[in-house]
Amino acid sequence: MASDMTLLWGSGSPPCWRVMIVLEEKGLQGYNQKLLSFEKGEHKSECVMKMNPRGQLPAFKIKDYVLNESCAACFFLECQYQCQGSKLTPECPAEKARMLQRIFEANNLGQKMGDVIYYNWKVPEDERHDSAVKRNKDALREELKLWENYLQKGNFMAGKSFTLADVVVFPLVAYGFRNGLCQERYSNLARYYNELKARPSIKTTWPPTWIDTCPGETLKDI
Amino acid sequence: MAKDITLLWVAGSPPCWRVMIALEEKNLQGYNQKLLSFEKGEHKSKEVMDINPRGQVPAFKYKDYILNESYAACFFLECQHKAQGNDLTPQCPKELAQMYQRMFEGLNISQKGIDVIAYNWRVPEGERHESAQKRNKEALTEELKLWEGYLQQGPYLAGKTFSLADVVVFPSVAILYRFGLCEKRYPNLAKYYNCLKERPSIKASWPPKWDEDIKGGPPRDLLKDI
């Protein structure tokens, strides 16, 4: 039941967004939630640390089951609410395999995007190298080519319908465009992004801090 | 069927090991497999690239379904062969939630272990800093403290039985001991490691040449001070 669920989240965070999309897809609106600010450091506040000793968002609980890892929450919700809301797992084994493969490949996309966008946050000044920045950008470029290729045909990551693979990957793709990724250069990704933007669960959970503010430019030359 | 399954693998790679443990647990012995040499760069060979354009192992196919990501392969095998071999998914919702949580948290221990162990492989010489490796070691230390806490009540990561959480996390723990992690400093983790070492699927898939040095690789006592 939604009333047994609590989500602490930050606007624009792909992992938080994934959980919110699944909750919408499964018709679990009305869960307890609190929007926190990364900029104010609220992800390290006591209320988060109590639920997630890693001091990360999302912090998510169903009854007393801790599911802070976004994919854990997504898998669990889909499993426990199989018959409720949209079905997010294909029956067909080929599509199911494709869904699982894309879900876990997404770690690469998230990692490589983070390596570029957060380079100066993660790496102290005296350890930074132009060669590393270049290498990270090249790696992201290669990664994006793979995803651009995966989306050559079809509107979803796996098969003919929206699945957990789209739940996991879409927020990363949206994050990329939010940070300046060029839509002309990655036209398949852009098509995927623009079509899924209109999906009800995604519209409803669109990051509030992205509305009426300008996107960034960090990825514009990728 | 095992004959529909193909695995290209490298000895000692935790992701490869995960898939092999899952195959053993589901009684899928007899799959097509090929051991490749990391030192000879065979993970970048055409044979691998044909299945995995990332040039990474495992390269894994089930019929013509590609499942190169180790977690994807493990989930798929458990799902497709639910009624075969050992049941790797708890029924109880609380334990199931814990299984998923630990599986995905496992990516942290895997990453932080690799960040230390593979530092010199991944970072070109001109970009290496002692301060960075020190930071990597501190991150791994903090991570291990969490798992030491999780394993206070053993013997498994989620509930009373061996589950997918153990399939995916055990290899990432084992590799730390390969590189000299101190058993006394993390007694719960050591107990977990030593207990699961004896499990048939883990013994059967134990990486060859585990006790040998890797040519050009990190020293075997790299983690002794963690």
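Located above this text is the structure these notes cover.
Because the structure is predicted, anything quoted here is derived from the model rather than measured. (Residues numbered from 1 in each chain as written. Chains lettered and ligands numbered in written order. Predicted model: local features only at pLDDT ≥ 70, side-chain atom pairs only at ≥ 80, totals over all residues. Heavy atoms only, no water.)

The subject of this paragraph is the overall build of chain A. For chain A, the helix and strand inventory stands at nine helices and four strands. Overall, chain A shows an N-to-C arrangement of helices and strands of β-α-β-α-β-β-α-α-α-α-α-α-α. In summary, chain A has a C-alpha radius of gyration of 18 Å against a globular reference of 17 Å for 222 residues, a match within 12%. Overall size of chain A, expressed as C-alpha extent along the three principal axes, is 50 × 45 × 30 Å. Buried positions account for 54% of the 222 residues belonging to chain A. Contacts in chain A between residues far apart in sequence, at least 24 positions, make up 72% of those at least 6 positions apart. When the accessible area of chain A is evaluated, it comes to approximately 10200 Å², of which 51% is carbon and sulfur surface. For chain A, the centre of its 30 positive side-chain charges and the centre of its 27 negative side-chain charges are spaced 3 Å apart. (Helix = DSSP H or I, 4+ residues; strand = E, 2+ residues; numbered from the N terminus. Rg over C-alpha atoms; globule rule 2.2 N^0.38 Å. Buried < 20%, exposed > 50% of the residue type's maximum accessible area, 1.4 Å probe, protein only. Contact = heavy atoms within 4.5 Å. Areas by Shrake-Rupley, 256 points an atom, 1.4 Å probe, with all protein chains shown as cover. Lys, Arg positive; Asp, Glu negative; His and termini not counted. Charge placed at Lys NZ, Arg CZ, Asp CG, Glu CD.)

Taken as a whole, the second largest pocket spans an internal volume of roughly 560 Å³. Around the second largest pocket, the lining is made up of 25 residues, and of these Cys79 and Gln82 of chain A together with Cys79, Lys82 and Tyr100 of chain B lie nearest the centre. When contributions to the lining of the second largest pocket are tallied by element, the ones reaching two or more residues are helix H3 (70-80) and helix H4 (93-117) of chain A together with helix H3 (70-80) and helix H4 (93-117) of chain B. In terms of residue class, the lining of the second largest pocket is made up of 14 nonpolar, five polar and six charged. (1 Å grid on protein atoms, 1.4 Å probe; cavity = no way out; pocket = protein on both sides within 12 Å on 5 of 7 lines; lining within 4 Å. Points joined across faces, edges and corners; volume = space filled by probe spheres on them. Nonpolar A, V, L, I, M, F, W, Y, C, P; charged D, E, K, R; others polar.)

On to the interface of chain B and chain A, then. In this complex, chain B contributes 37 residues to the contact, which on the side of chain A involves 38 residues. Between chain B and chain A, roughly 3000 Å² of surface is buried when both sides are summed, and carbon and sulfur atoms account for 57% of that area. Sorting the residues of chain B by area buried against chain A places Arg54, Phe104 and Glu127 of chain B first, and these three jointly supply 22% of that buried surface. The tally of links from chain B across to chain A stands at seven salt bridges. (Buried area = accessible area lost by both parts, 1.4 Å probe. Salt bridge = Lys/Arg side-chain N within 4 Å of Asp/Glu carboxyl O.)

So, about the packing of aromatic side chains. Two aromatic rings, taken as a pair, are described by how far apart their centres are and by the angle between their planes. The tally for this structure, following the rule as stated, stands at 38 aromatic pairs over all chains. Between Phe75 of chain A and Phe104 of chain A, the aromatic rings sit 6.2 Å apart at their centres with planes inclined by 40°, giving tilted as the arrangement. Of this pair, Phe75 of chain A sits in helix H3 while Phe104 of chain A is found in helix H4, placing the two residues 29 residues apart along the sequence. These aromatic residues form a ring-pair network of at least three members: Trp17, Phe170, Tyr175, Phe177, Tyr192, Tyr193, Trp206 and Trp210 of chain A. Sitting over the face of the ring of Tyr150 of chain A, Arg102 of chain A holds its NZ or CZ atom 3.5 Å from the ring centroid. Sitting over the face of the ring of Phe162 of chain B, Arg199 of chain B holds its NZ or CZ atom 3.8 Å from the ring centroid. (Phe/Tyr/Trp six-rings, centres within 6.5 Å; stacked < 30°, edge-to-face > 60°. Lys NZ or Arg CZ within 6 Å of the ring centre and 35° of its normal.)

Residue and element names in this part refer to chain A. With respect to topology, four strands assemble into an open sheet ordered E2-E1-E3-E4, the strand pairing being mixed. Two strands bound the open sheet, and with one partner strand each, they are strand E2 (32-36) and strand E4 (65-66). Sheet topology places strand E1 (residues 5-10) next to strand E3 (residues 59-62); four bridges connect them, and they run antiparallel. By the bridge assignment, Met5 is partnered in E3 with Ile62. Across the sheet, helix H1 (residues 14-25) lies against E1 and E3, angled at about 140° from E1, the strand it touches most. Contacts between H3 and the sheet are confined to E1, E3 and E4, with E3 contributing the most and set at about 25° to the helix. (Pairing = 2+ DSSP bridges. Axes fitted to C-alpha atoms, helices over the stretch in contact; angles between N-to-C directions.)

Residues and elements named next belong to chain B. As enumerated under the stated definition, the model contains zero disulfides over all chains in all. Among the cysteines around Cys74, which has no disulfide bond, Cys16 carries the closest sulfur, lying 11 Å off. In this structure Cys74 comes out as buried when scored by relative accessible area, which is 1%. Distance from the sulfur of Cys195, which forms no disulfide, to the nearest cysteine sulfur (Cys182) is 19 Å. (Disulfide = S-S within 2.5 Å.)

This part takes up H1 of chain A. Residue and element names in this part refer to chain A. For H1, built from 12 residues, the straight-helix expectation of 16 Å at 1.5 Å per residue is met to within 8% by its first-to-last C-alpha distance of 16 Å. For H1, the full list of buried residues reads Pro14, Cys16, Trp17, Arg18, Val19, Met20, Ile21, Val22, Leu23, Glu24 and Glu25. Its buried side turned inward, H1 meets E1, E3, H3, helix H7 (164-178) and helix H9 (200-204). Positioned one or two residues after H1, Gly27 has a phi angle of 70°, which is positive. (Expected span 1.5 Å × (residues − 1).)

Right, let's get into the side chain of His43 of chain A. Checked against the element boundaries, His43 of chain A lands in the loop between E2 and helix H2 (46-51). Beyond its immediate sequence surroundings of up to four residues, His43 of chain A is in contact with Ser37, Phe38, Val48, Gly55, Gln56 and Leu57 of chain A.

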